[in-house]
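# Descriptive structure summary
What follows is the residue order along each chain.
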Amino acid sequence: MNTADLLTVTSDDLAITRLGERTVDTPLADLLGEREETWHYVTETDRVLLDVVQGIAKKRALDVAALPAFNPGGPRRKLFFEPSEVTAGIVTCGGLCPGLNNVIRGLVLHLGRAYGVKRVLGIRNGFKGLTDGSEPVVLTEQSVADIQNRGGTILGTSRGNQDPVVGVDTMVRLGVNILFVIGGDGSLRGAQKLADEARGRGERIAVVGIPKTIDNDIPWIDRSFGFQTAFAQAAQSIRAAHIEASSTENGVGLVKLMGRHSGFIACYSTLASHDVDFTLIPEVPFDVDVLMSRLKKKVEQQGHAVVVVAEGAGQEHFPASDQTDASGNAKLNDIGGLLKKRIIDSFGDEPLSVRYVDPGYEIRSVPANAFDAVYCTRLAQAATHAGMAGFTSMVVGQWSGRMVHLPIALTTASRNVVDPHGQLWMNVLETTGQPKRMV
């Protein structure tokens, strides 16, 4: 996210839609007590500034009161929904990611324990479960016990567009007042369509998103849940590739990681492992011939080398294609397979041992680590508070360490990517020793 992106955002872009006035007293009144605003707590009437860098704030030439700011997350003293009358729905969409079950469990527990919501429904197999006649599963404290220790999602998931008209029909039939959507940008666009359809009909249904993307490419939030687990697991794969490569003559470890458009997992796992000689990401083009030349020199110098490549890197080296998957994403070519072949060809008859590792599905399916488990719980609680207050067409996330509300339209309008001129990529270059450009 660069300065130009920040400067185009206004206060109107950060405004959150409400279903109506909040008139119901919260059951959390005793917990809220007489809380005062501190560095660690923002009251519901305050705002969290978008600009955290003084220079960017100055470029706006605005008064402090006019600076764009987020609606803060957290409980409200007045609610839109009467908790005892609420039926909540939870749906998980798109690819797997560590922490999905943690978020499901956090929502069920917080809805029941904090607000006394008695009916929570799990929608089966993503948005498909809202349109194919599938009956939802009733979620209780007992049914979600220990699911945080399992990878994947107990509700199932799917990809592809579904008819929002039928989806809202189903929610009305089931009596759903709040729908929690756990998914990435495509899923959040689907959530927006459901929210728009419900509002257009005058239905009192809040749609709240919990952004999920293992690639960490949702903008305007510090990070997405599951990301830390993912790059920690990826670092284990890099370590294994390094051990294999360094134990053989002219060994090359080649590790392909997730990252369709954003190379965050490749970058962070590189920094975590300190065993990588070349990191290739979608945001930084590279010439394969130049890479092969430098790779051979590195092997000559130290006897082995490790290359990490994000799945979306180097797509310019393949013929153009208009093929897409069920979610409408362009189908990626296998950059790992291409590099493996080029490595073998470049060494010719010289001794060579290539270890190609593609741990994508393994990384996606592991349970969340302790750090992500905490984050998932906090996101679930923030989403619950937002839904009960009647906010809709929005997602919860963390910005500069504070929970905030973001309009779905803002989070799906762009993509978070590694800045080739930013500090993260500089850290990667310092760690690997690779040249700034390989073209």
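Calculation notes
Residues numbered from 1 in each chain as written. Predicted model: local features only at pLDDT ≥ 70, side-chain atom pairs only at ≥ 80, totals over all residues. Heavy atoms only, no water. Pairing = 2+ DSSP bridges. Helix = DSSP H or I, 4+ residues; strand = E, 2+ residues; numbered from the N terminus. Contact = heavy atoms within 4.5 Å. Axes fitted to C-alpha atoms, helices over the stretch in contact; angles between N-to-C directions. Salt bridge = Lys/Arg side-chain N within 4 Å of Asp/Glu carboxyl O. Parallel < 35°, antiparallel > 145°, perpendicular 65-115°, else oblique. Left-handed = near helix turned anticlockwise from the far one by under 90°. Nonpolar A, V, L, I, M, F, W, Y, C, P; charged D, E, K, R; others polar. Core = buried A, V, L, I, M, F, W, Y, C linked by side-chain atoms within 4.5 Å. Buried < 20%, exposed > 50% of the residue type's maximum accessible area, 1.4 Å probe, protein only. Disulfide = S-S within 2.5 Å. 1 Å grid on protein atoms, 1.4 Å probe; cavity = no way out; pocket = protein on both sides within 12 Å on 5 of 7 lines; lining within 4 Å. Points joined across faces, edges and corners; volume = space filled by probe spheres on them. Polar contact = N/O pair within 3.5 Å; in protein donor to acceptor, adjacent residues only side chain to side chain. Right-handed = clockwise from strand over helix to strand, strands pointing away.

### Let's talk about the sheet that holds strand E7 (residues 119-122)
If you trace the nine strands from one edge of the open sheet to the other, you get E3-E4-E17-E16-E10-E9-E6-E7-E8, paired in mixed fashion. Looking along the sheet, the strands with just one partner apiece sit at the ends: strand E3 (48-49) and strand E8 (137-139). Sheet topology note: the strand E6 (residues 87-92)/strand E9 (residues 178-183) ladder contains five bridges and is parallel. Residue threonine 92 lies in a different strand from E9, and its bridge partner there is isoleucine 182. Helix H6 (residues 185-201) contacts E9, strand E10 (206-211) and strand E16 (394-399) of the sheet and is inclined by roughly 160° relative to E9.

### Digging into the pattern of salt bridges
Under the definition given, this model contains 16 salt bridges. Residues aspartate 25 and lysine 78 are paired through a salt bridge, measuring 2.4 Å at the closest nitrogen-oxygen approach. Of this pair, aspartate 25 sits in strand E2 (residues 24-25) while lysine 78 is found in strand E5 (residues 78-79), placing the two residues 53 residues apart along the sequence. Across the salt bridge formed by aspartate 289 and arginine 342, the nearest N and O atoms sit 2.4 Å from each other.

### As for the packing of helix H5 (residues 164-174) against H6
One can describe the packing of H5 onto H6 by two numbers: an axis separation of 9 Å at closest approach and a directional angle of 65°. Considering their axes alone, H5 and H6 lie roughly perpendicular with respect to each other. For H5 against H6, the interelement crossing comes out right-handed. For the pair H5 and H6, the contacting residues are Pro164, Val165, Gly167, Val168, Asp169 and Met171 in the first and Lys193, Leu194, Glu197, Ala198 and Arg201 in the second. Taken together, the residues of the contact of H5 with H6 sort by class into six nonpolar, one polar and four charged.

### Some points on the sheet that holds strand E13 (residues 304-310)
Picture the strands of a sheet paired through backbone hydrogen bonds; they go either parallel or antiparallel. The strand order across the open sheet formed by four strands is E12-E13-E11-E14, and the pairing between neighbours is parallel. Since the sheet does not close on itself, it has two edges, and those belong to strand E12 (278-280) and strand E14 (353-357), each with one partner. On average, each strand axis in the sheet is inclined to that of its neighbour by 15°, with strand direction left out of account. Sheet topology places E12 next to E13; three bridges connect them, and they run parallel. What sits directly across from leucine 280, in E13, is valine 309.

### Quick word on the nonpolar core
Membership of the largest hydrophobic core comes to 71 residues, with the highest contact counts inside it found for Ile90, Phe180, Ile210 and Phe225. In terms of residues, this core owes the most to one element, helix H4 (residues 100-115), which gives nine residues. One finds Val168, Ile218, Trp220 and Leu406 within the second-largest nonpolar core, a separate group that totals 34 residues.

### With respect to the state of the cysteines
The full count for this structure, using the stated rule, is zero disulfides. With no disulfide partner, cysteine 93 has as its closest neighbouring cysteine sulfur the one in cysteine 97, 13 Å distant. Note on cysteine 376: no disulfide assigned, nearest cysteine sulfur contributed by cysteine 97 at a separation of 7.6 Å.

### Some thoughts on the packing of helix H9 (residues 288-302) against helix H10 (residues 335-347)
Running from N to C, H9 and H10 point in directions that differ by 60°, and their axes come no closer than 10 Å. Relative to H10, H9 is oriented oblique. The way H9 lies across H10 gives a crossing that is right-handed. Contacts between H9 and H10 involve Val288, Asp289, Leu291, Met292, Leu295, Lys296 and Val299 from the former and Leu339, Arg342, Ile343, Ser346 and Phe347 from the latter. Grouping the amino acids of the contact of H9 with H10 by side-chain chemistry returns eight nonpolar, one polar and three charged.

### Here's the deal with empty space enclosed by the protein
What the rule picks out here adds up to two cavities of 30 Å³ or more. As a volume, the largest cavity reaches approximately 50 Å³. As for the largest cavity, its lining consists of Thr279, Leu280, Ile281, Val284, Pro285, Phe286, Trp425, Gln434, Pro435, Lys436, Arg437 and Met438. Class assignment for the residues of the lining of the largest cavity results in eight nonpolar, two polar and two charged.

### So, the side chain of glutamine 315
Along the polypeptide, glutamine 315 turns up in the loop between E13 and H10. For glutamine 315, a relative accessible area of 19% gives the class buried. Within the structure, the side chain of glutamine 315 is placed 2.9 Å from the backbone nitrogen of asparagine 333, a separation counted as a polar contact. Discounting chain neighbours no more than four positions away, the residues touching glutamine 315 are Leu332, Asn333 and Ile335.

### Overview of the pairing of E10
Counting buried residues in E10 gives six out of six residues, a clear majority hidden from the surface. Here six bridges tie E9 to E10, and the two strands are oriented parallel to one another. Considered in E10, the bridge of glycine 183 is made with proline 211. On the question of chirality, the crossover connecting E9 to the parallel E10 by way of H6 is right-handed. Of the strand pairs in this sheet, E10 and E16 are connected by two bridges, and their pairing is parallel.

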